[in-house]
Amino acid sequence: MLQQTQVERVMPRYLEWLARWPTARSLASAAPADVIRAWQGLGYNRRALNLQRAARRIAGHGWPDDLTTLAGVGPYTAAAIRCFAFGEDVLPVDVNVARVQRRTRHGFQPSSAQALMDLGATVCLARIPQCGGCPLASRCPSRGIRDEPARKQGPFEGSFRQRRAITLRLVADSERVLGELDTEVVRSLERDGLVVVSEGRVELPA
């Protein structure tokens, strides 16, 4: 859920999700339509189906040795699961951890993961680093240096992402006639497995 979605938006939804599906097995047995509806508002809805696909594999075959073979799990997410869930000696390097490492020119132990993430998210900021409140400032060779602004994603308003969100919300409310919807968006959602189109009707997967 935290992939490209802010913590404050995720937390209440995460708790609701765990209350409804507390185990991989319970999520694996849920109807995909219910999973998609529960994800509404978090964005990037393919993540919901990927999470369920991963749960189904885990429920059926256990945790794989290579976590990146699970749907939607890349190297960073795999490292985070290994570190925080399994207690393995692995440092998950997200954008915040990478920034702290680059600026301090120092390697850190996996036991520092949570602290590094918080430091990068609240103090060692990209554009306006708060060096005065940084516990590493006295030994940091990059103190006061700001990063160049990264290319930002285009505005959501009026974007194809917004069209997808609106269309998926309509279909989540009730089955729709294809002709009443944005056909380009429907085909995109269909390719992602988020909707099913049959005989001119559009609905969530059963």
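Residues numbered from 1 in each chain as written. Predicted model: local features only at pLDDT ≥ 70, side-chain atom pairs only at ≥ 80, totals over all residues. Heavy atoms only, no water.

Caption draft 1: Summary view of the nonpolar core. Ranked by internal contacts, the top residues of the largest apolar core, which has 15 residues, are Leu168, Val195, Val202 and Leu204. Broken down by secondary-structure element, the contributors of at least two residues to this core are helix H3 (32–39), helix H8 (160–173) and helix H9 (183–191). (Core = buried A, V, L, I, M, F, W, Y, C linked by side-chain atoms within 4.5 Å. Buried < 20%, exposed > 50% of the residue type's maximum accessible area, 1.4 Å probe, protein only. Helix = DSSP H or I, 4+ residues; strand = E, 2+ residues; numbered from the N terminus.)

Caption draft 2: Representation of the sheet that holds strand E2 (residues 196–198) within the structure. Spatially, E1-E3-E2 is the arrangement adopted by the three strands of the open sheet, whose pairing is antiparallel. Two strands close off the open sheet at either side, each with one partner strand: strand E1 (176–177) and E2. Alignment of E2 against strand E3 (residues 201–203), held across three bridges, turns out to be antiparallel. Pairing of Val196 across the sheet is with Glu203, part of E3. (Pairing = 2+ DSSP bridges.)

Caption draft 3: Here's a closer look at a nonpolar patch on the surface. A contiguous nonpolar surface patch, about 560 Å² in accessible area, is contributed by Leu2, Val7, Met11, Tyr14, Leu15 and Leu18. Topologically, Leu2 is positioned in the segment before helix H1 (7–20). For Leu2, a relative accessible area of 55% gives the class exposed. (Patch = residues over 30% accessible without salt bridge, like charges linked within 9 Å, V, L, I, M, F, W, Y side chains within 5 Å. Areas by Shrake-Rupley, 256 points an atom, 1.4 Å probe, with all protein chains shown as cover. Salt bridge = Lys/Arg side-chain N within 4 Å of Asp/Glu carboxyl O.)

Caption draft 4: Examining the packing of H1 against H3 more closely. Running from N to C, H1 and H3 cross one another at 155°; their axes reach a closest spacing of 11 Å. Here H1 is positioned roughly antiparallel relative to H3, judged by the angle of their axes. As for how H1 packs across H3, the hand of that crossing is right-handed. Contact with H1, carried on its side by Arg13, Trp17 and Arg20, involves Asp34, Val35, Ala38 and Trp39 of H3 and no other residues of that element. Among the residues making up the contact of H1 with H3, the classes are represented as four nonpolar, no polar and three charged. (Axes fitted to C-alpha atoms, helices over the stretch in contact; angles between N-to-C directions. Parallel < 35°, antiparallel > 145°, perpendicular 65-115°, else oblique. Left-handed = near helix turned anticlockwise from the far one by under 90°. Contact = heavy atoms within 4.5 Å. Nonpolar A, V, L, I, M, F, W, Y, C, P; charged D, E, K, R; others polar.)

Caption draft 5: Spotlight on the environment of Asp89. When you line up the elements, Asp89 lands in the loop between helix H5 (75–85) and helix H6 (95–104). Along the chain, Asp89 and Gln109 lie 20 residues apart, while their C-alpha atoms are 8.2 Å from each other.

Caption draft 6: Summary view of unusual backbone geometry. Of note in the backbone geometry, Gln4 takes a positive phi value of approximately 70° without being a glycine. Structurally, the position occupied by Gln4 is in the segment before H1. Among the residues examined, Gln4 registers a relative accessible area of 63% and is labelled exposed. Located in the positive-phi region is Arg105, a residue other than glycine, with phi close to 55°. Along the chain, Arg105 turns up in the loop between H6 and helix H7 (113–122).

Caption draft 7: Structural detail: the packing of aromatic side chains. A complete count under the given rule lists three aromatic pairs for this structure. Judged by centre distance (4.7 Å) and plane angle (70°), the rings of Trp17 and Trp21 are edge-to-face. The exposure classification of Trp17 matches that of Trp21, with both residues buried. With a centroid separation of 5.2 Å and an interplanar angle of 90°, the aromatic rings of Trp63 and Phe86 are classed as edge-to-face. (Phe/Tyr/Trp six-rings, centres within 6.5 Å; stacked < 30°, edge-to-face > 60°.)

Caption draft 8: Region of interest: H7. Inspection of H7 places Ala113, Leu116, Met117, Leu119 and Gly120 among the buried residues, and these make up the whole buried set. Buried positions in H7, seen along its axis, are confined to an arc of 165° and lie on one side of it. Residues of H7 that are exposed and point over 90 degrees away from its buried face: Ala115 and Thr122. Elements in contact with the buried residues of H7: H5 and H6. (Arc of directions from axis to C-beta.)

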